[in-house]
Amino acid sequence: MRRKIVAANWKMNKTVSEALEFVDELKSSIRETEEAELVICPPFTALYPVSRAIEGTCLKLGAQDVYYQEKGAFTGEISPLMLEDLNCAYAIVGHSERRGYFKETDIEVNKKLRALLDHGIRPIVCVGETLEQREAGQTEELVTRQVEIAFDGVGQNDVTSVVIAYEPIWAIGTGRSATGEDANRVIGLIRRTLGKIYSDEIAKNVRIQYGGSVTPDNIAEFSRQPEIDGALVGGASLKASSFLAIARG
Ligand code: PGA
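Residues numbered from 1 in each chain as written. Predicted model: local features only at pLDDT ≥ 70, side-chain atom pairs only at ≥ 80, totals over all residues. Heavy atoms only, no water.

**Student:** I tried to follow a negative patch on the surface on my own but got confused; where do I start?
**Tutor:** A cluster of acidic residues, Glu 70, Glu 84, Asp 85, Asp 118 and Asp 158, forms a negative patch on the protein surface. Here Asp 158 shows up in the loop between α7 (139-150) and β6 (163-166). (Patch = residues over 30% accessible without salt bridge, like charges linked within 9 Å, V, L, I, M, F, W, Y side chains within 5 Å. Areas by Shrake-Rupley, 256 points an atom, 1.4 Å probe, with all protein chains shown as cover. Salt bridge = Lys/Arg side-chain N within 4 Å of Asp/Glu carboxyl O. Lys, Arg positive; Asp, Glu negative; His and termini not counted. Charge placed at Lys NZ, Arg CZ, Asp CG, Glu CD. Helix = DSSP H or I, 4+ residues; strand = E, 2+ residues; numbered from the N terminus.)

And the structure:
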């Protein structure tokens, strides 16, 4: 059985005090054993205080990005070693905003993913097509390629440590989510791709989320799909009550 995973991607939002306010509110409402695994991905500046604040709870910490080198002259970057030091259990890699605004390539995404695995941090790797690519009928081909490159060189023992987030770019922050059925279809394709690279048995155990304008109002549509194992949530994760409603939805 795959455990559902719901991750809050705060992007470039929240100061330390705002982050701590959120955690306080969430802590007062969560049960010790939530059905879904809950991950909070604050900006780098709030990782340490949030890490301290969630100690002893069921909440997990995630970073929004990472660099693939361990240390050295890479001004402005954050290494997997540093994330490990803060008890980061997860890190997002290949988010479409990183790919788009910061020109991250599939090869870099692969390097980051493997560097995280080397440090025992679980990658949440994002894949997804633009509206143009979707309209040109390229979704399947593109997503398959993104998955193949992301997993290049990842041994079969590590595969189930990776979470995949299918995030169609046209659905991110637009209020226009994919339909549950459509997201389920693409996620099924991602699972078959993993089946071809590894085995159906392994693919069956990999968690694949949907992301893109998920809200408390539409989460049920995704939760009832057999291939979808939770959500990566941006805008609607900024409020503790709405994040929790999604996590339980
Ligand atoms: P959104 O963002 O929920 O605001 O659409 C999702 C994401 O970018 O991960």
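Past the structure itself, the notes keep going.
**Student:** How should I be thinking about the pairing of strand β3 (residues 60-63) in this particular structure?
**Tutor:** Along any regular strand the residues' side chains alternate between the sheet's two faces. Bridge analysis of strand β2 (residues 37-41) against β3 gives 2 bridges, and the strand direction is parallel. Bridge assignment links Val 39 to a residue of β3, and that residue is Lys 60. Handedness of the crossover joining β2 and β3 through helix α2 (residues 44-53) is recorded here as right-handed. Both β3 and strand β4 (residues 90-93) contribute to a ladder of 2 bridges, which runs parallel. Bridge pairing links Gly 62 to Tyr 90 in β4. (Pairing = 2+ DSSP bridges. Right-handed = clockwise from strand over helix to strand, strands pointing away.)

**Student:** For this particular structure, what's the right way to read the side chain of Gln 64?
**Tutor:** Among the secondary structure elements, Gln 64 is positioned in the loop between β3 and α3 (80-85). Residue Gln 64 is classed as buried on the basis of its relative accessible area of 18%. From its side chain, Gln 64 meets the backbone oxygen of Cys 41 in a polar contact 3.0 Å long. Engagement of the side chain of Gln 64 in a polar contact is seen with the backbone oxygen of Pro 42, the distance being 3.3 Å. Gln 64 has contacts with Asn 9, Trp 10, Lys 11, Met 12, Cys 41, Pro 42, Pro 43 and Ile 92, leaving out every residue within four places of it along the chain. (Buried < 20%, exposed > 50% of the residue type's maximum accessible area, 1.4 Å probe, protein only. Polar contact = N/O pair within 3.5 Å; in protein donor to acceptor, adjacent residues only side chain to side chain. Contact = heavy atoms within 4.5 Å.)

**Student:** Before we go on, may I ask you to explain helix α11 (residues 240-247) in this structure?
**Tutor:** One turn of an α-helix holds 3.6 residues; hence residues three or four places apart share an orientation. Among the 8 residues that make up α11, 6 are buried, leaving the element largely enclosed by the rest of the structure. All of the buried residues along α11 are Ala 240, Ser 242, Phe 243, Leu 244, Ile 246 and Ala 247. At its buried positions, α11 is contacted by β1 (5-9), α1 (16-29), β2, α10 (219-223) and β8 (230-233).

**Student:** Please clarify how the nonpolar core should be interpreted in this entry.
**Tutor:** Generally speaking, nonpolar side chains in soluble globular proteins are found buried as a group. Grouped together as the largest cluster of nonpolar side chains are 67 residues, with contacts concentrated most on Phe 151 and Tyr 210. Setting aside residues up to four positions removed in sequence, Tyr 210 forms contacts with Tyr 166, Pro 168, Ala 171, Ser 177, Ala 178, Ala 183, Ile 187, Phe 222, Ile 228, Gly 230, Ala 231 and Leu 232. Ranked by size, the runner-up nonpolar core spans 11 residues in total, among them Ala 7, Cys 41, Ile 124 and Val 163. (Core = buried A, V, L, I, M, F, W, Y, C linked by side-chain atoms within 4.5 Å.)

**Student:** Would you take a moment to explain the packing of aromatic side chains for this structure?
**Tutor:** Aromatic ring pairs are reported here in terms of the distance separating the ring centres and the angle at which the planes meet. Scanning the entire structure with this criterion turns up 8 aromatic pairs. Ring centres 4.3 Å apart and planes at 15° place the aromatic pair Tyr 210 and Phe 222 in the stacked group. Remark: Phe 222 occurs in helix α10 and Tyr 210 occurs in strand β7 (residues 207-211); sequence separation between them is 12 residues. Site record: aromatic cluster; members linked through ring pairs are Trp 10, Phe 22 and Phe 243. Here the guanidinium or amino end of Lys 14 rests over the ring plane of Trp 10, the centre of that ring lying 5.2 Å away. (Phe/Tyr/Trp six-rings, centres within 6.5 Å; stacked < 30°, edge-to-face > 60°. Lys NZ or Arg CZ within 6 Å of the ring centre and 35° of its normal.)

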